[in-house]
Amino acid sequence: VEEINPIVNLKTDRDEIETPRFGYQCGIRFGYYFIKNVGLETGVLYARKGYQSIWQEDSDNSINEWRYRQTFECIDFPLLINVRSNHRKVRFIANVGIIFNHLVRDNEVSEVRYTNETKGKFIYPSQGAYKSFNLSGTFGFGLDVPVTSRLGFQIKPNFRYGFLKIIEAPLTGYVWDAGL
């Protein structure tokens, strides 16, 4: 008789149904270019990230579809190295760095669609004991548009991955997200 590990089964099941959510961040950043096109950047950002799961029922159950979203809201403190092209009006930019994350709030949202087409939405605080601090690696590339010689804006896709576990539990996780 083969022994089955319930944690491995749960992880496999969750890996099959969980999908990433697009995250976003906004805030203020400050950069200094110590060489013409290479510089450091830091700032303070509000970031929202998480994951979602969707179940479809094909049985005689009264629930037709169930969506579950886990959301983490953080204050982020990035430290990035930027490299940009040498054009005047629009420049290409790439960066890599680390971000110190401070978890401000986490919540869970469940949305249910019943077979009779009625819907229900439930929002509640997370049941997990998530860690308040994390450290993420990040990289991105995109456009840097100067407004003045000292002020500009950037639009670029970013990818971030948490280096540290977000919860100490038999089934743990790492927060990551991709966004613009």
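It should be noted that the structure appears before, not after, this text.
From a predicted model like this one, the values you see are computed outputs, not experimental measurements.

Visitor: Just checking my understanding: could you explain the overall build of the protein for this structure?
Guide: Across its full length, the protein holds one helix and ten strands. Across the 180 residues of the protein, 34% fall into the buried class. Long-range pairs, those at least 24 residues apart, make up 60% of the contacts in the protein with a sequence separation of at least 6. Only carbon and sulfur atoms are counted for the fraction: they give 61% of the accessible area of the protein, which is about 11900 Å².

Visitor: Is there a simple way to think about the nonpolar core in this case?
Guide: Within soluble globular proteins, side chains that are nonpolar generally end up buried alongside one another. Among the nonpolar cores identified, the biggest contains nine residues, and these are Y51, Y68, F72, C74, L103, Y130, I166, I167 and V175. Looking at which element gives the most residues to this core, the answer is strand 4 (residues 63-84), with three residues. Excluding residues that lie within four positions of it along the chain, I167 makes contacts with G128, A129, Y130, T172 and G173.

Visitor: Help me out: how do you make sense of the pairing of strand 9 (residues 158-162) in this one?
Guide: On a regular strand, one side chain projects to one face of the sheet and the next to the other, so that they alternate. The alternating pattern of strand 9 places N158, R160 and G162 on a buried face, while none of F159 and Y161, on the opposite face, is buried. Pairing between strand 7 (residues 133-146) and strand 9: five bridges, direction antiparallel. Following the sheet pairing, T138 is matched in strand 9 by R160. Sheet analysis places strand 9 next to strand 10 (residues 176-179), joined by four bridges and oriented antiparallel.

Visitor: Which parts of the structure should I look at to understand a nonpolar patch on the surface?
Guide: A surface patch of nonpolar side chains, amounting to about 1000 Å² of accessible area, comprises Y32, F34, I35, L40, L79, I81, V83, V96, F139 and F141. Where the nonpolar patch is concerned, the elements lending two or more residues are strand 2 (24-35), strand 4 and strand 7. Checked against the element boundaries, F34 lands in strand 2.

Visitor: Even after reading the chapter, I still don't get the layout of surface pockets, so can you show me in this structure?
Guide: Over the atoms rolls a probe the size of a water molecule, and in doing so it shows where empty space is left. By volume, the largest pocket is sized at about 870 Å³. In terms of lining residues, the largest pocket is bounded by 27 residues, among which R29, E41, D144, G152 and Q154 are the most central. Broken down by secondary-structure element, the contributors of at least two residues to the lining of the largest pocket are strand 2, strand 3 (38-56), strand 4, strand 7 and strand 8 (152-155). The element contributing the most residues to the lining of the largest pocket is strand 2, with nine residues. A per-class count over the lining of the largest pocket returns eleven nonpolar, nine polar and seven charged.

Visitor: Honestly, empty space enclosed by the protein in this entry has me stumped. Any pointers?
Guide: For the structure on display, the rule yields two cavities of 30 Å³ or more. Within this model, the largest cavity holds a volume of roughly 130 Å³. As for the largest cavity, its lining consists of 15 residues, of which C74, K131, N134, I166 and V175 are closest to the centre. When residues of the lining of the largest cavity are traced back to their parent elements, those giving at least two are strand 4, strand 5 (91-114) and strand 7. Split by residue class, the lining of the largest cavity holds seven nonpolar, five polar and three charged. Considered as a void within the structure, the second largest cavity measures approximately 50 Å³ in volume. Contributing elements (two or more residues each) for the lining of the second largest cavity: strand 2, strand 9 and strand 10.

Visitor: Sorry if this is basic, but what is going on with the side chain of N107 here?
Guide: Locating N107 in the fold gives a position in strand 5. By relative accessible area, which is 14% here, N107 ends up buried. Excluding its chain neighbours within four sequence positions, the residues that come into contact with N107 are R69, Q70, T71, E73, Y124, P125 and S126.

Conventions adopted
- Residues numbered from 1 in each chain as written.
- Predicted model: local features only at pLDDT ≥ 70, side-chain atom pairs only at ≥ 80, totals over all residues.
- Heavy atoms only, no water.
- Helix = DSSP H or I, 4+ residues; strand = E, 2+ residues; numbered from the N terminus.
- Buried < 20%, exposed > 50% of the residue type's maximum accessible area, 1.4 Å probe, protein only.
- Contact = heavy atoms within 4.5 Å.
- Areas by Shrake-Rupley, 256 points an atom, 1.4 Å probe, with all protein chains shown as cover.
- Core = buried A, V, L, I, M, F, W, Y, C linked by side-chain atoms within 4.5 Å.
- Pairing = 2+ DSSP bridges.
- Patch = residues over 30% accessible without salt bridge, like charges linked within 9 Å, V, L, I, M, F, W, Y side chains within 5 Å.
- Salt bridge = Lys/Arg side-chain N within 4 Å of Asp/Glu carboxyl O.
- 1 Å grid on protein atoms, 1.4 Å probe; cavity = no way out; pocket = protein on both sides within 12 Å on 5 of 7 lines; lining within 4 Å.
- Points joined across faces, edges and corners; volume = space filled by probe spheres on them.
- Nonpolar A, V, L, I, M, F, W, Y, C, P; charged D, E, K, R; others polar.

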